[in-house]
Structures are given as C-alpha cells and as structure tokens.
Amino acid sequence: MKIAVIGQSLFGQEVYKELRKDGHTIVGVFTIPDKDGKADPLATVAEKDGVPVFKFPRWRVKGQAIPEVVDRYKATGAELNVLPFCSQFIPMEVIDHPKHGSIIYHPSLLPRHRGASAINWTLIHGDKKGGFTVFWADDGLDTGPILLQRECDVEPNDTVNTIYKRFLFPEGVKGMVEAVRLITEGKAPRITQPQEGATYECIQKKDNSKIDWNQSAEAIHNWIRGNDKVPGAWAELDGQKVTFFGSTLVDNGTAANGQPLDIPGASQPGIVTKTGLVLFGNDGKTLLVKNLQFEDGKMIPAAQYFCSGGSTAVELTEEEKSFAEQMRAVWKSILTNVSQIEDSTDFFKSGAASMDVVRLVEEVKLRASACQLQNEDVYMNTTFQDFIQMCVRKLRGEDGEEELVVDYVEKNINNMTVKIPHQLFINGEFVDAEGGKTYKTINPTDGMAICEVSLAQISDVDKAVAAAKEAFESGEWGRMNPRDRGRLIYKLADLMEEHQDELATIEAMDSGAVYTLALKTHVGMSIQTFRYFAGWCDKIQGSTIPINQARPNRNLTFTKKEPIGVCAIVIPWNYPLMMLAWKTAACLAAGNTVVLKPAQVTPLTALKFAELAARAGLPKGVVNILPGSGALVGQRLSDHPDVRKLGFTGSTEIGKHIMKSCAVSNVKKVSLELGGKSPLIIFDDCDMDKAVRLGMSSVFFNKGENCIAAGRLFVEETIHDQFLKKVVEEVKKMKIGDPLDRSTDHGPQNHKAHLDKLLEFCQMGIKEGATLVYGGKQVQRPGFFFEPTVFTDVQDHMYIAKEESFGPIMILSKFKTGEVDDVLRRANATEYGLASGVFTRDISKALYVSERLNAGTVFINTYNKTDVAAPFGGFKQSGFGKDLGQEALNEYLKTKAVTIEY
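Residues numbered from 1 in each chain as written. Predicted model: local features only at pLDDT ≥ 70, side-chain atom pairs only at ≥ 80, totals over all residues. Heavy atoms only, no water.

Considerations on the domain arrangement of the protein chain
Reasoning step 1: Domain parsing of the protein chain yields domain 1 (2-185), domain 2 (206-307), domain 3 (318-396), domain 4 (414-673) and domain 5 (679-870).
Reasoning step 2: Here the C-alpha centre of domain 4 lies 48 Å away from the C-alpha centre of domain 1. (Domains from an automatic or database assignment.)

Section: the packing of helix H20 (residues 688-700) against helix H21 (residues 720-733)
Reasoning step 1: Contact geometry for H20 and H21: axes closest at 10 Å, N-to-C directions at 60°. Here H20 is positioned oblique relative to H21, judged by the angle of their axes. H20 and H21 meet at a crossing whose hand is right-handed. Residue-level inspection shows Met688, Asp689, Ala691, Val692, Met696 and Phe700 of H20 in contact with H21, the latter providing Gln722, Phe723, Lys726, Val727, Glu730 and Val731.
Reasoning step 2: Here the contact of H20 with H21 is composed, by residue class, of 8 nonpolar, 1 polar and 3 charged. (Axes fitted to C-alpha atoms, helices over the stretch in contact; angles between N-to-C directions. Helix = DSSP H or I, 4+ residues; strand = E, 2+ residues; numbered from the N terminus. Parallel < 35°, antiparallel > 145°, perpendicular 65-115°, else oblique. Left-handed = near helix turned anticlockwise from the far one by under 90°. Contact = heavy atoms within 4.5 Å. Nonpolar A, V, L, I, M, F, W, Y, C, P; charged D, E, K, R; others polar.)

Considerations on unusual backbone geometry
Excluding glycine, residues mostly have negative phi values, and the peptide bonds linking residues are mostly trans.
Reasoning step 1: Cis geometry is found at the peptide bond from leucine 110 to proline 111, where omega equals 15°.
Reasoning step 2: Tracing the chain through its elements places proline 111 in the loop between strand S7 (102-106) and helix H5 (118-124).
Reasoning step 3: Phi is positive for asparagine 415, close to 60°, though the residue is something other than glycine.
Reasoning step 4: Looking at the element boundaries, asparagine 415 is found in the loop between strand S17 (409-413) and strand S18 (416-420).
Reasoning step 5: The exposure class assigned to asparagine 415 is exposed, which follows from its relative accessible area of 82%.
Reasoning step 6: The phi angle at valine 667 is positive, at roughly 50°, despite the residue not being glycine.
Reasoning step 7: Inspection of the secondary structure assignment puts valine 667 in the loop between helix H19 (652-666) and strand S29 (669-673).
Reasoning step 8: A relative accessible area of 66% means that valine 667 is categorised as exposed. (Buried < 20%, exposed > 50% of the residue type's maximum accessible area, 1.4 Å probe, protein only.)

Some remarks on the UniProt feature "domain: Carrier" (unreviewed entry) in the protein chain
Reasoning step 1: Look at the UniProt record and you will see "domain: Carrier" (unreviewed entry) annotated at residues 318-395.
Reasoning step 2: This span, residues 318-395, is 63% helix and 0% strand, and a straight line between its end C-alpha atoms measures 14 Å. (UniProt positions renumbered as here; feature names shortened; annotations may be inferred.)

Pasting the structure below:
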C-alpha cells in the first residue's frame, strides 16, 4: 500500500521503519521543520532512505487549508495516511483525500481521555487500566470510529515515562502496523465510539499543573506522577516555584526521620529525609518525592534540599581529561547548532530534548561502561562542566550519592588495619538493632571477644523484608538491564578482590580459618562465584515450545524465566563468606533481592560484604544482612509472608524445621544443603601417595569443618595398615597454631560448643570399641584447638560410623578385596548423600562405583574439587536444590509459560 506518514518523534520513526519492513511503500513523510538546526528523527531516517520529506511549518492559516501545501501532499498519490504522533493541525482536505482515509494513534482507551494530554490524565485520575487506540480520523477531536485498542495495567508508581516506555511506545508501534495490515486485508473495523464514559481534559501546561495540597496522599501522588516529566507538578517552597519529580506512595507504618520543610497550603510540613522529601495528604497518609527542580532549571535530589552550595570541583587526571574531550565531541554531535562546547554550555538551553538525553546516556556507556548514568543525572547536571564532574565522580566512586555511614570497629592485626562493620545492614544503611540489642562475637584463636555485634529482633526482620520487597517491586534491580546488573555484580567482585586481604583476615579472626586458606578458598572462591554469576545475568532465557494446534487457529507457546522476589538466605559458620557467595550471587544475578542471616557466631565478613555491596552501587534494599539467632531471625524469615524463597545450609534437623515452616506460612520455594556422612572408598590399586595426601585433605581440610568432608574412609584391607601408617606420620607433622601464622596447617575449631561436641564424639567412639590411633584431645593452649584425630577398626553399627562429626576426625574401616558391591552397600547405608569419592587406577571400576554411589557429587582420584561452574547439592537427607553452576540460577527463578493464539 502507498502510505503517507504524517507526524514526528522517535515513535513516528519506528512506525515508519516497521511499515517499510512490512512491505508498504512510503510515498512521503510530512513532519515538523528542523529545530535549532536539528531534524526530527522521523525526517532523519526517511531522508537516509531517499523518501520524499516535507517539513511544512503549518498546513492551514486562519482555519483554511493552504492550497500549495495540500497540492504537494496530493501529488504523492497516498492511499492511506498514517498519523503516529502529530502535533500539527491537519486539514480535512488531507485527512479525507486518500482511498482508505487516515488513521491516528491516541494514547488512551477512547472515548476516555480525549485530548492531547491523555497519558497525563490516565495517571492523574488513578486509572487502573491504560492503553492506546488506533482510530479513523474525522472532523471531531479524537471522536472517530475505533479500529483497534490495546490495554495494559497501570502500576501504582507509573509515570508518563514508565508507562510510555513499557507499553504505549513498543506496543503502540506494533498496533499501528497491525492496523495498516487489517486495512490492507480489508478486515479493519469501524466501531463508533460510545458516548458513555467519554471524557475530555485540557492540555497540561505549567500554569495549570500547580499542586493542590487539600486532597489525599494518593491524589497528590497521582497529580505529581501524571505531570512527570512534562509539564511538571509544582508548588511554592521558600518563595520560589519548585517542580516535583519521582513520586512514590509510602508505607505509612514507616516513620519518617529528617528535617521539616514548610509547604504553604499543605496539611503539615514535609520532611526532608535521607531518601527524599516525604509529603502528607489531608488524610495523614504519605508519599515520597525523589527529585526537585528549581526555576533556573537546576534539578537536585530532594534529600539534598537543605544542603548548602555545591561540592568542590575535582581535578581531572590525564585519563579523565581524555574522557572529557570525548564527551565534548559527543555534546557537539548532539548540539549541532552550537559552534563550540564551552564548560558553561547548557545542554537544554542549547536545544537538547528528552531523546537527546537518552542518546547522551548511551554514549557515556559506550566510552566508560563503569559510569552507569540515569536520565536524571543529565537533568541534574545541565552544564558541560557539571556533567563532566558528575561523570568523573561516578567513575571514582565518589558520585555524590548519600554517603555510607559505617561505625567501624578497627583492629590492627596481620600487618594491617581492618575496619569491621558491626551493625545490622537494612535498606542500604548500617543501623542498630531494635532496642540496641547486641552480643559478643568471639575469636576462636584466643577465646576473647572481637567486638559487640547488633542482635536482630523480629521487628528488624520485618524492616529488612519490607526494604527488600520495595527494592524488588520498584523494578530498580529485577527490571534493570541484565547487563547493567551484571556490571554491578562484577564491580562488587572487584571490590571484594581489592579488600581480599582484609576479608581473609576478618574470616581468620571470626571463624578460625587458616589465613592462607581463607585467602584462597573462603575469599578467593567467593570472588570467583560473583564473577561467574555476573556473566549469567544477560543469559537467562526461556524456550519456545511446540504445542498441539487448536484448529483453525495456530498457537505459539514460550517460557520466560523470572525472578522470584524477596529471598531469605540462612548460612552456616564453617565458610561464612563463601556460603554467602554461593547462594547470594545466583540470587542477585536472577534479579531477586536478599535478606541474609549469617551464622550468629560468624557475622563479620557478611557485614563487610554489605559495606562493599553498597559501595559497588547495588540499590538500597537489594542486600540486607541480619546477624541474630536462628530461633528468632531464621524462624521469622521462614514464617514471613513476603519472603518467597528460602535457601538454607546447615543441619538436617534445622532444615526439616525450616521446610515445615516454609510450607505452613506461604508455601515458599526452598533449597536445602544439609548434613553429610560422605564415604571415600580407597582401592589397593590407587596411587598411594596421592590417596594419602587427598584422603587427609578430605577429612582435615578447613579443620574438618567442611560439609563434604569424608565422614568415613573405606580402605581395602590389603593396604589398610600401610595407608594408616602414612596418614599418622603426616598428621604428626601438621602445625597447630595461630591461623594468621603463614606456616600454620590447622587452626582452632569455630566455637566452644563445637569443640565440646567433638570431644563427646571421640568419647562415643572409644566407648563403642573403635581404636583411637591419634589425637582425640583438646590442645592445651588458649582458644578452641582440637587435635587432628584418627580412628580405625570402626564398625558399621557404631555412632561415629553413622553420625557426622563436622571436625578433623578420620574414621577408617576396612573392606575385603573383591567385595566391591558390599563396600558400596556399606557406603550407601546412610540417610545422607552429599558427596563421595573413590581412588583407583582402574577407570572401569571407578565409573562403576561412581554410578552406584548415591550422592550429589562423586570425586574420582581427587577430593574437595568444587568449582563455580559445577552444580553442588545433595540427595536424601542431605537436602535438595543446587548451589553453583547454571542449575543454581533455577533455584532463584520461576518459569512462566505464555501461549498465544493467532
């Protein structure tokens, strides 16, 4: 079909492009004249395609069509006029001329909200449904017959911009193309608009967008968002006209703390808080405004209303000067009417429009991916100098965001000063627990207190969950561009690497981990985990599924992977940081928000992680850390109705209790990594030296505080004595001592109660007749040190053969040569199934054994070799669900199936 496109803007450009793709011939594009030397986007793309472009300043004078203009239009021979977005008055001589007439896009569900400010009024009236109409043009004002309509939900905090970007723009383009297709096929309806429900509202302009404070908070919120960004709802503050942007409704259960601001006509003063300006309706309810703009065009965060002056200019490095010159060239390419970009050049006063803001933000990303700008950043820094200063501060991590306040406990230790946060971390802030409750966290090396740590209460859990829910529902994290989310997670990993010595030192102090091991494994693998899952952020995808067709129509089914929402994570004390990383990295990569409870005895690296997450730029509420008891904090997270997923690593007993609570409360999704009694089978054809070295590692790694530790070693009888002798020789060489000493092999057990449990475990073994070959005693020195221990002659019925010690205790049992199936039966005769291993040079035997070991992980001629890309999790009462690898993402995603009939 021969089509004339009459209109302007990016929307008009996209409609034009899609009509050409659909095979139509565009015989002419009629758009507005160039502004400040810049062509409209529709004109730009049409001119590149060689399509005739007409830029009439007007189509009529004093209500009469201009004959020359109409004649030039008629000469194109158009069979249909398509008006995607048109700000000019088009005479009826043009509207009615084509064979098929003219169709117009209107951003409301006609007959509701006729007029040029339809989107504004959809929001101002608080409509729950919005959408657009494609209608046949007539001589009325948006009164022509309806050809096509599409509707969408209007979200409570939608603005003109968000609903336009989410639905009205992309679906509107599709709708216009579909309307033309229906016309081409002769199937386009003409549905007379009903009179019932018809409304017409005036055009929203600055002079009629003043805020009326004598109404409810919701009505004020709707007025502000309905005028955001254009023309902007305003009120007088301190004698000047101030425009309000970024309104959200606030949970009235949250008290606002800040500085009062008198607002003429308001029912009570506003409150300038750390998060913005809290406003009150006449019903006592509240809303929050993020940004304010003054009459001179300067925009600021509302939280900074009382801040005096600007910050001191930073001096640019040579690299930053090079970046500034690149951006000067970008500004010049956008502001083509400006001869030279000076430091004082104002972006908007030089003719830039909203689409230029989008381009500028993208140009910055191309040249400095670490500088993640929002459109508001440009509105708040309109001169070139201010813009460059803002970009440089962001690149340096000094971007003027609200300063993170951390009340550190400082320790001079390990040839450095470590700075340890000790408060709860909720909604981007370190805060005291309700009632100022605290407890002491103990250094297992000397049994002395490291510091007082805030002890979370139930009310703190509720605040953290509310913050995580708000962060998720706002879309600031889950709907963030996946690559941007990945960049932030990667930046977090970089910060962890910068602080790896400090993190490893804190881990050694708080958990007793040997420093070198903490550096390599506790911290090193944590960094690797966040980097690995950062790469998954933009690779989460569904699938297309063939289904039976419902004749005569056809169907398409596809799936989408979506984040779950607020996730609770409860982790143990053996690898405090690494267990956090294994679960949190996948959770965040999937787009969820987190409330994490570290083990009460090892909270410090989790709190340091919270600090680094904030400094990496993760939005407030995305990560929340709550040190506290399992009975209180863990139980409340299990019961909380707004938590949709809980990931737990710990004992089987507690895992069962959590699973029950999650089911009873709201059927939460659950993943559990629980106890283990992992068997290691050593055949006589093994590499003996390797089997001894890795067999010892399978038990004594991380002081035996290792969920996949080999809880029982089955050694073929022909090599049992030789193996035992070599093990004891090596155990005697192990240096027990200060975990910060680089030569230490074996540090203290994590806490006193665990040390006592190990002593009881050994006594049970001796009582039942097992042979204690070495160890079994507490080391006589300050702290919680326990000797590496070796038992042999352990029979299947014994307590120490069946129960997990979770300590440095090797349990040896013999098996007879040739009885492979019998030793497999014994190895599998446990309710646990976390890990297992086999040592043999016979690959057929190794594979046979690996197929029959009933465990989530099987190691062959190695042990403890976990990797961020390999899934990790158990069978039976060792739990279900996976950490690490692609499979871990599925624990934090839900699958939605969408079926379309066409």
